[in-house]
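Architecture at a glance
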Amino acid sequence: MTGGDEDPRVTELSCAVSRLRRRLAAHPGDFADRSIAEEELAALAALAADGLPEIRRLRRSLLLIAGAIGSVSALSAELTEVRRAVDLFGGPMRGQG
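Residues numbered from 1 in each chain as written. Predicted model: local features only at pLDDT ≥ 70, side-chain atom pairs only at ≥ 80, totals over all residues. Heavy atoms only, no water.

1. Quick notes on the overall build of the protein
To be explicit about the condition: Helix and strand definitions here come from DSSP, where helices need a minimum of 4 consecutive H or I residues and strands a minimum of 2 consecutive E residues; each element is numbered from the N-terminal end. Residue contacts follow a heavy-atom distance rule, with two residues in contact if any of their heavy atoms lie within 4.5 Å. Computed with a 1.4 Å probe, the accessible areas rest on the Shrake-Rupley method; for each residue, only the protein chains presented here act as cover.
Counting its regular elements, the protein contains four helices and zero strands. In sequence order, the protein lays out its α and β elements as α-α-α-α. Within the protein, residue pairs in contact and separated by at least 24 positions form 70% of the contacts whose partners lie at least 6 positions apart. Entry remark: accessible area of the protein is about 5900 Å², with carbon and sulfur atoms responsible for 52%.

Next up, the structure:
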């Protein structure tokens, strides 16, 4: 896809992931699941770079990231942005995943 043809949801996801990655990198505190959050953010960035990501994979990564950094209040605004960006893609219907 060229820049003008890119899905705006993908752009939003990419930007939100990028902001959270930067904030996480700048966060001085260390916590047990930091590496999990970093790995899943890298995976989300790769999914966004590939174009239209798989919804189940997006949601799985979001859950892992939220579990890994959900208690770090300094990152809550950026985590919320990532969640909203993932929500733009919709998801499986109730009872299907």
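Now that the structure is up, let's keep going.
2. Describing the nonpolar core
To keep things clear, this is the line we draw: Put simply, a nonpolar core is a bunch of buried Ala, Val, Leu, Ile, Met, Phe, Trp, Tyr and Cys residues held in one set by side-chain atoms that sit within 4.5 Å of each other. Burial here depends on accessible area, computed with a 1.4 Å probe over protein chains only, as a share of the maximum for the residue type. Under 20% is buried, over 50% is exposed, and the range in between is partly exposed.
If you look at the biggest cluster of nonpolar residues, it comprises 24 residues, and the most contacted ones within it are Leu13, Leu20, Ile69 and Val82. Contributing elements (two or more residues each) for this core: α1 (8–26), α2 (34–49), α3 (55–69) and α4 (76–87). The leading source of residues in this core is α1, at six residues. Other than its neighbours up to four places away in sequence, Leu20 contacts Leu41, Ile65, Ile69, Leu75, Glu78, Leu79 and Val82.

3. Considerations on α2
Our working rule: Helices are assigned an expected span. That span is 1.5 Å times one less than the residue count.
Taking 1.5 Å per residue as the helical rise, α2 with its 16 residues ought to reach 22 Å, and the 23 Å between its terminal C-alpha atoms agrees with that figure. Where α2 is concerned, the buried positions are Arg34, Ala37, Glu40, Leu41, Ala43, Leu44, Leu47 and Ala48. Positive backbone phi, approximately 115°, marks Gly51, located one or two places after α2.

4. As for the pattern of salt bridges
Filter applied, for reference: Salt bridges are defined as contacts in which a side-chain nitrogen from Lys or Arg sits within 4 Å of a carboxyl oxygen from Asp or Glu.
As enumerated under the stated definition, the model contains nine salt bridges in all. Three or more residues are tied together by salt bridges with common partners; here these are Glu12, Arg19 and Glu81.

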